[in-house]
Structures are given as structure tokens and as C-alpha cells.
Amino acid sequence: MTGVKDAVKESLLGTPFEESHLSLQARATFLRHARKDETTGELYMAQDDFVQAIAPKHEDYHKIKREHYGILFRVADTHRTGRITLTEWATFENLLSKPDAEYEIAFRLFDTDRTGTVKWDDFQKIYTMSKTPDSIPFDWNSEWASLYTGRTKTRHDMSYPQFAQMLRGLQGERIRQAFHVFDKDGDGYIEPEDFQRIILETSKHKLSDYVLEHLPSLCNISAGTKISYATVRAFQNIMREMDMIDLIIREATEKSDDGKITRSDFLNAAARLTRFSLFTPMEADILFHFAGLDAPSGRLSQNDFAKVIDASWRTPLAVAEHAVATASDATHKAAEKTKSILHSVLESVHHFALGSVAGAFGAFMVYPIDLVKTRMQNQRSTRVGELLYNNSLDCARKVIRNEGFLGLYSGVIPQLIGVAPEKAIKLTVNDLVRGHFANKETGKIKYPYEILAGGSAGACQVIFTNPLEIVKIRLQVQGEIAKNVEGAPRRSALWIVKNLGLVGLYKGASACLLRDVPFSAIYFPTYAHLKSDFFGESRTHQLSVMQLLTAGAIAGMPAAYLTTPCDVIKTRLQVEARKGDTRYTGLRHCAATIWKDEGFKAFFKGGPARILRSSPQFGFTLAAYEVLQNWLPMPGTHEPSPAGQVEPGVGHPVAKEPLPYLRSRNALKLILDLDENIGRVAIPNAESWPKFIRPSKPQ
């Protein structure tokens, strides 16, 4: 039994310093903010130092004011000396690492004797101390309070679990009692102004300014000019379920064609995503009422709901006023904008470099397959006895036998040099066109525009791919020419470029265009829909590397095979004709000659090799890109978050703020449920505080 008590006490009061694990970062934070006692030489943090350490200046303190963090000093200052030592800092850091740190912090604030229980008298004193004469009264002798602490004459101390549960239900009881205060005639209705005052006094720290300003308009969701208790309770339930509401809205808007949803869409999505968080018709009406004040059409986007869900949301007017408040602000914003543009440029260069390396890696890994494909497509004889290669496997075997293993990599250097701009242009153009036609709120794009984006990307890449292809192909086939034609010289890539000239480098460009446009038009939409429709990628669900590889490989199969005829024609036009071979004069002449001399099947020569090359090439490229991103991340980057969003929630990107800061802020939200004035640093007369919480002066 003793062991259990010790474990509970340790859980609530923390472990001694020598048992606490103080990270190097936490120690560095203490040393950075601590000051030195000139008498003893001991390092310590005063209250201002502590606030500097626990509440970074760069965070948004729009709702939870920075001055509120002073109350956490009273939790960390376990010996009531008015200063925090490294030992106490270690204990506080250890407390913040606990999964229920938010409730434990609130509990320790009221556990003034550090006994592991909260005395009723101490709790009531601290609560009463923050009240002002014009505050809405709260009856601590009510039936609700007695359920947690017993009757007035038999009040018992509250354990940690009891206190945490009481604190969770306190705000609802405050709102209920406040409603009775203003419902003087007992008809179950109050004036809109009274409702606004109740919410401002009990929940101001949790709601956006937009909602707070429009609270009186809630009377308009029903007949009459007053607000019923049912409406007040429905509003409170909406506040409690903000995280779940955010998740439902994100899922519903993503599945909507135009990124907007109706009240019915919301309730249907809620029924699919939840089992117990059911929303009443009135709760749905309240949510859509506030979200739709500026868009009364009944179809609302995610941005409309952000005004309700995001407590940090501010009106454009407020943002503008804040931006032009001082000249220094304008200068700062200009500097930040310049920094942002520079960062975007550097980020583009970073992505280009990684994409180039990844593309070169993918091309290198499948290059032998590409060489086999080229030689199979260039084989013109229709008589079995004159065939150089019986099939792709026979081709690979003969290349290795006659030219060595390195023969499989003939012409690989131009390929690696050219693949960087090719991939960069293709991906960039596709993204630009998709971004232009995509819905700005949901990112969705109609299928015809997806095809247009892919086709445009394929057309633009021909500028680089055609010269690359013609040099690569001539290098790939000269090995077999040297084997079969005595005295045939081996040419370098530079010789081929000089010999062809600028015009010659674009020989067969029409066929290259004919191949690359449909390839990209097929590939990019297929890849996008495989990720979203088959693997379920969304803003809230990121795919694994294996899923991305699979999607890329599968998308490459139809794109590669269906464009093989174009690739055959391109290869024939770009390969230097041998003695006795037909010289093609153009795209139409080449296609007609192949049809006449070799038949329809000739258009699909090397088709399997193209599939075997394209699918793994995209797979290798994506895999290399993912690995490089992990190894070489862009310095100073973090996950983007929606405009105005600083608080993490369900479906939001992970918050960039340190976890201790987030836990401290969440603990303050719980404490401020008691009263918004609790924890403010600016106290008129510190001597008026009870001795049990009054910090003593440093010795």
C-alpha cells in the first residue's frame, strides 16, 4: 500500500532532481535565462526570467496573454522562495513531459500544501481572490459543488482525479448559473446582450474575436429576440467539440466538388466519422449560423468555418490595422516578405537539385532496359534469319557478350546530364497548370484540366528531351553497328552533337512531341487519382513511400505502353540509317513505311521493355527523392499551416511550437475556465495574497 501511495505522490508532486531527467535543451534554456546570486553564486530564475523561458516572445498571444504564464511560476516555485533553481526547473520540465500535464499543473496550483489533495477552503480562496465586484456571481454552495466536495459542513479534500473531473465540468456549471442570474423572470430566456456577457466572462480565451463580436446574433436562429437555455447549451457543446468539428469539415469539404458543404453534408459526414459525438439539429444550425454570416448561401467552405473553429482567427480589418499600426511594423513586414521570397527561391533550387539527383538515379538504374528497348525498336528486318535479336532477353545477352557489361550503359552520360532539366520542366509545368485550374480552397481540379496540365508538361519537356534522345539513341546503337559493319568508327556524344548541328538535334521532334504529350497526359492524372482514390491520400492522410512507389509504377504502365508506337517512329527517325536501310523523310512517311514493310505489330516493338523501364524508373526516382528529402531537408522549413492557424488540432499540421509551451498554454486554458483574471502577473498589492501562495522575497 505504501508503494502505491508513494507512486501516486511522485506522479503528482514530481521526482527529486537527481531522479529527474533534464535534457540538454532544458538545461541550456535554464542557463540562458538564469541570473546569478551575487552572495551565494547560485543560478536562479525570477518570475520574469521564467516567463521568458516558458513563453517565447515570437508566439501569438492573441488569446492566452503572455502575462498569464506568470501563474505557472507559482507551480514551479515549489519552495515559495520567489526564485526557481535548476532543481525546480528540472522538476517542472519533468511535469510538462507527462501525458496529463495540463490537469496536473492546474492541480498543483491549488494543492498549496503539496499533500496530493486540494482543500476546499484553499481552492475557494484562490478563486475568490481573482473576482471583481462586477463579475457574474458563482455559488460554491450549490448542489453541483456538493457533488464533488460534499455538503457545506462536511467538505472533503479532492484527490487529483476528483479535482480534474470537477475542473472539466466547471465551465458548464458557471454558464448554467450565470443563465439563472440573468433569467430573472424564470421563463428560460435571456437577452442577447446577457448571453454575450456570459460567454465573454467564461469562454473569451477559447473563441475567436469574430464569434465573440457576433454572439448577440444567435437570437436569429429561432423565432423571437431572446436566447433560450437550449440554445446556450447547444452553443457550449459546439465549443467543446471544436476539434471533432474541424476534422468533419476537412473530410467533408475535401470530398465536395467545389470545396463547399451544406448543413446536410456536415451531418452526413459526422454520422460517417463519429460514433458518439452526435450533433443535434440546433448545434448544426449554430455552427452554420456563425460560419455563414458573411456567406448566407448555405454552402460554406473551410475558410468560412475557420472563423468559428480557429480561436486565433482575426478579421481582415483587424489584421490591416495591426499591420499599419507603426512604420516599424511595415518595415518589418517588408523584410519578412523579402525573406519569404528569398526562401521560396532557395526552396525551389533545393527541390530542383533533389529532383535532378533523384531523376538521374532513376534513369541510371533502368538504363540497360532502355538500351535494349532502343535496339529492339531499331531492328528493321522481318525475316527470322536476318534478325539480330530474337527478343529483349536475347538482345541483352548479346550486348553483354559482344560489348561487355558496360555496353548496356552506352550513351548513359548524356542521359544523366539531360534528365535534370527534363524532370524539372515536366514537374514544374504540370504543377503550374494544375495550380492555375485547381480550386483555390480545396486544391481539386477537373479531369480535363488534369489532362491539359500533363499534356502541357510533356510538350514543354521536348525542348530538352529531343536533343538528349537523339544523342543517346545513336550512342546506344553504334555498338551493334561496330559489330556488324567492319571499320565502323565509334563516335563520342560531342562528335554527334557537332555533326548534327542545332537543326539536326531536333530531328524527329514531331514524333518526340507525339510521344511525350500523351505520355504525360496519361501519367500525371493516373498517378494523382491512384494516390487519392485508391490509396486514400488526403490532407489528413499522407501515403507511405511504398504506396507512392506503387502508384508511380502503376501509372507508368499504361502511359508507357500506349505511347510505344510514337516511340518506335521517333527512334527510327533519330537513328542514323545504315547502308541499304530506308531513309525516312518524315513522320508520315516513317509510319507508312513501317506499316507496309513490317505490319502493325512493329509499332509495339519494345513495348514490354518500355513498361519495364518506365515503371521502375518512376519508382526509383520517387524513392530516391523521398530518401534525399529525409537526408537533406531544406534548412529552416516546417509544415505549412492554414492562415491564422497557430493552435494544433485534429486534422491540422503538427504544431511547430515546443511541446512544453503547448502543454503550458493548454494548462492555462483549463485554469482560465475558472476566471480570466487568474494568473495575471500585474497584481495591485502582493501582500493581499494569502500566505500560502504569496512568494517570499529572495534572501
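What you see is a predicted model; the values in this text were computed from it and never measured.

Before going further, it helps to examine the overall build of the protein chain. Tallying secondary structure elements over the protein chain gives 28 helices and 8 strands in all. Classification of the 699 residues of the protein chain by burial places 48% in the buried group. Look at the contacts in the protein chain between residues 6 or more apart in sequence, and 72% of them connect residues 24 or more apart. A total accessible area of about 35,200 Å² is found for the protein chain, and carbon and sulfur atoms account for 59% of it.

This brings us to a nonpolar patch on the surface. A cluster of nonpolar side chains, Phe361, Phe364, Met365 and Phe620, forms an exposed patch at the surface whose accessible area comes to about 330 Å². Of the residues forming the nonpolar patch, the biggest block, 3 residues, is contributed by helix H18 (residues 327-378). Looking at the secondary structure, you find Phe620 in helix H27 (residues 607-631).

Next up on the list: the nonpolar core. Phe50, Trp89, Phe92, Phe123, Trp140 and Phe163 are the most contacted members of the largest nonpolar core, which has 48 residues in total. Setting aside anything within four residues of it in sequence, one finds Phe50 in contact with Met45, Tyr69, Leu72, Phe73, Ala76, Ile84, Trp89 and Phe92. Counting 42 residues, the second largest nonpolar core, distinct from the first, contains Phe182, Leu212, Ile227 and Ala270.

Here the focus is the UniProt feature "domain: EF-hand" (unreviewed entry) in the protein chain. Within this structure's numbering, the places UniProt gives as "domain: EF-hand" (unreviewed entry) are residues 98-133 and 170-205. Between the first and last C-alpha atoms of residues 98-133 the distance is 38 Å; the span itself is 56% helix and 6% strand. Secondary structure within residues 170-205 divides into 69% helix and 6% strand; the distance between the first and last C-alpha atoms comes to 15 Å.

Okay, unusual backbone geometry next. The phi dihedral of Arg80 falls on the positive side, at around 55°, and the residue is not glycine. The residue Arg80 is located in the loop between helix H4 (70-76) and helix H5 (86-96) in this model. At Arg114, a residue that is not glycine, the phi angle is positive and equals roughly 55°. If you trace the backbone, Arg114 turns up in the loop between helix H6 (101-110) and strand S3 (117-118).

With that out of the way, let us pick up the side chain of Glu598. With respect to the element layout, Glu598 can be found in helix H26 (residues 587-598). On the accessibility criterion, Glu598 (17% relative accessible area) is buried. Within polar-contact distance, the side chain of Glu598 engages the side chain of Arg572 at 2.9 Å. Of the polar contacts made by the side chain of Glu598, one reaches the side chain of Lys605; its length is 2.9 Å.

Turning our eyes to something else, we now look at the packing of helix H25 (residues 564-574) against H26. Relative to each other, H25 and H26 sit at 105°, their axes nearing to 10 Å. Classified by the angle between their axes, H25 and H26 sit roughly perpendicular to one another. Contact residues: Val568, Ile569, Arg572 and Leu573 in H25; Leu587, Cys590, Ala591, Ile594 and Glu598 in H26.

A few words on the packing of H6 against helix H9 (residues 160-182). At their nearest, the axes of H6 and H9 sit 10 Å apart, and the two run at 105° to each other. When the axes of H6 and H9 are compared, the pair comes out roughly perpendicular. Here H6 contributes Tyr103, Glu104, Ala106, Phe107 and Phe110 to the contact with H9, which in turn contributes Tyr160, Phe163, Ala164, Leu167 and Arg168. The residue inventory of the contact of H6 with H9, partitioned by class, reads 8 nonpolar, no polar and 2 charged.

A few words on H9. For H9, built from 23 residues, the straight-helix expectation of 33 Å at 1.5 Å per residue is met to within 8% by its first-to-last C-alpha distance of 33 Å. Along its length, H9 reaches its greatest deviation from straightness, about 40°, at Leu170.

Below, the discussion takes up the packing of aromatic side chains. In total, this model carries 34 aromatic pairs according to the counting rule given. A ring pair is formed by Trp144 and Tyr148, whose centres lie 5.1 Å apart and whose planes are at 55°; its orientation type is tilted. A residue pair is termed a helical-turn pair when its members lie 3 or 4 positions apart in one helix, as Trp144 and Tyr148 do in helix H8 (residues 143-149) at 4 residues. Assessed through its relative accessible area of 14%, Trp144 is described here as buried. Residues Phe364 and Tyr409 carry aromatic rings whose centres are separated by 4.8 Å and whose planes lie at 25° to one another, so their mutual orientation is stacked.

Take the environment of Gly407 next. With respect to the helices and strands, the residue Gly407 is situated in the loop between helix H19 (392-403) and helix H20 (412-437). As a C-alpha pair, Gly407 and Pro368 span 39 residues in sequence and 8.6 Å in three-dimensional space. The residues contacting Gly407, other than those within four sequence positions of it, are Leu371 and Val399.

This part covers the environment of Leu278. Within the secondary structure, Leu278 sits in the loop between helix H14 (263-273) and helix H15 (281-291). Assessed through its relative accessible area of 61%, Leu278 is described here as exposed. The spatial distance from the C-alpha of Leu278 to the C-alpha of Leu267 is 8.7 Å, given a sequence separation of 11 residues.

Now for helix H23 (residues 509-534). Three- or four-residue spacings in an α-helix give side chains the same orientation, since the helix completes a turn every 3.6 residues. For H23, spanning 26 residues, the distance from its first C-alpha to its last is 36 Å, which sits close to the expected 38 Å at 1.5 Å a residue. In the stretch just after H23, Gly536 is the one whose phi turns positive, near 80°.

Counted under the stated rule, the structure contains 21 salt bridges. The partner of Asp246 in a salt bridge is Arg250, with the nearest N and O atoms 3.1 Å apart. On the criterion of helical spacing, the pair formed by Asp246 and Arg250 is a turn pair, its members being 4 residues apart in helix H13 (residues 242-255). Just as Asp246 is buried, Arg250 falls in that class too. Sharing partners across several salt bridges, the network here consists of Arg515, Asp516, Asp567 and Arg610.

All right, on to the environment of Arg263 then. Turning to its location among the elements, Arg263 is positioned in helix H14. Given a relative accessible area of 30%, Arg263 falls into the partly exposed group. Considered as a pair, Arg263 and Pro281 are 18 residues apart in the sequence and their alpha carbons are 9.2 Å apart. For Arg263, the side chain forms a polar contact with the side chain of Asp285, separated by 2.7 Å.

Here the focus is the side chain of Gln236. Within the secondary structure, Gln236 sits in helix H12 (residues 229-240). You can call Gln236 buried: its relative accessible area is 4%. Setting aside anything within four residues of it in sequence, one finds Gln236 in contact with Gln171, Gly172 and Ile175.

The subject of this paragraph is the confidence of the model for the protein chain. Looking at the protein chain as a whole, its pLDDT mean stands at 77, while 77% of the residues score no less than 70. Across residues 317-333 the pLDDT falls below 50, and counting only partners more than four positions away or on other chains, this stretch makes 5 contacts in the model.

Rules and cut-offs
Residues numbered from 1 in each chain as written. Predicted model: local features only at pLDDT ≥ 70, side-chain atom pairs only at ≥ 80, totals over all residues. Heavy atoms only, no water. Helix = DSSP H or I, 4+ residues; strand = E, 2+ residues; numbered from the N terminus. Buried < 20%, exposed > 50% of the residue type's maximum accessible area, 1.4 Å probe, protein only. Contact = heavy atoms within 4.5 Å. Areas by Shrake-Rupley, 256 points an atom, 1.4 Å probe, with all protein chains shown as cover. Patch = residues over 30% accessible without salt bridge, like charges linked within 9 Å, V, L, I, M, F, W, Y side chains within 5 Å. Salt bridge = Lys/Arg side-chain N within 4 Å of Asp/Glu carboxyl O. Core = buried A, V, L, I, M, F, W, Y, C linked by side-chain atoms within 4.5 Å. UniProt positions renumbered as here; feature names shortened; annotations may be inferred. Polar contact = N/O pair within 3.5 Å; in protein donor to acceptor, adjacent residues only side chain to side chain. Axes fitted to C-alpha atoms, helices over the stretch in contact; angles between N-to-C directions. Parallel < 35°, antiparallel > 145°, perpendicular 65-115°, else oblique. Nonpolar A, V, L, I, M, F, W, Y, C, P; charged D, E, K, R; others polar. Expected span 1.5 Å × (residues − 1). Bend = angle between axes of the 7 residues up to and from the residue. Phe/Tyr/Trp six-rings, centres within 6.5 Å; stacked < 30°, edge-to-face > 60°. pLDDT = per-residue confidence, 0-100.

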